[in-house]
Amino acid sequence: MKLFETKINHVIPEILPIVPTIDVVVFPHMIIPLLIVDEKIIEGINRSMESGNKLVVIVTCKKQSEKEHLSISPQDLFSIGTVTQIIKVIPTREGTTKILVQGVARVKITDIKVNEILSGNVTVLPYEFDEKQTPKYHEKINLIKTLMHSLSEHNQYLKEMQVGNYNVPEKV
């Protein structure tokens, strides 16, 4: 199995489970909750958790009608997605699953397969950064960290999630 390494020290397997989304785009470093309904997608998440790497690829579906939304095929997915680390998995009584993920790296997805799970080959895309933006970037990150820390002190839900403890890379 071929592995890729990102600039933020994650080792990414060549083949990962895919979690399709509708009208949601996930970017590296972004934290977002998702509701998962499809059994194959839930099985892919469970396998990722069992393997220990806790990584899945989030990819947006191309425009679909409400009827098509239940059966997603490989042709319905964009070829660029984001590898995400699963932070938390919450099974619901209705048989669905809620997950909280954080984006790790942009990837190109090829050879999508639909078996027991939806999966595909991934290739990490280059990490682009404009050195001229560094001072502004660090100012904004420090402001966001300060605001999130302040919010988490006053909100029990955010305290439980430990929002202020996620990695912020030196370069985005």
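1. Observations regarding the nonpolar core
Here comes step 1: Ranked by internal contacts, the top residues of the largest apolar core, which has 28 residues, are I12, I36, I45, V57 and V83.
Here comes step 2: Mapped by element, the contributors of at least two residues to this core are β3 (15-21), β4 (31-36), α1 (39-51), β5 (55-60), β6 (80-91), β7 (97-114) and β8 (118-124).
Here comes step 3: In terms of residues, this core owes the most to one element, β7, which gives 6 residues.
Here comes step 4: When neighbours within four sequence positions are excluded, I45 is seen to be in contact with V19, I36, V56, I86, V89 and I99.

2. Brief notes about unusual backbone geometry
Here comes step 1: Of note in this structure, D23 is not a glycine but carries a positive phi near 65°.
Here comes step 2: Topologically, D23 is positioned in the loop between β3 and β4.
Here comes step 3: Since its relative accessible area comes to 67%, D23 is described here as exposed.
Here comes step 4: The phi dihedral of K54 is positive, around 55°, even though this residue is not glycine.
Here comes step 5: Turning to its location among the elements, K54 is positioned in the loop between α1 and β5.

The rules behind the values
Residues numbered from 1 in each chain as written. Predicted model: local features only at pLDDT ≥ 70, side-chain atom pairs only at ≥ 80, totals over all residues. Heavy atoms only, no water. Core = buried A, V, L, I, M, F, W, Y, C linked by side-chain atoms within 4.5 Å. Buried < 20%, exposed > 50% of the residue type's maximum accessible area, 1.4 Å probe, protein only. Helix = DSSP H or I, 4+ residues; strand = E, 2+ residues; numbered from the N terminus. Contact = heavy atoms within 4.5 Å.

Scope: geometric values only; no functional claims are made or implied.
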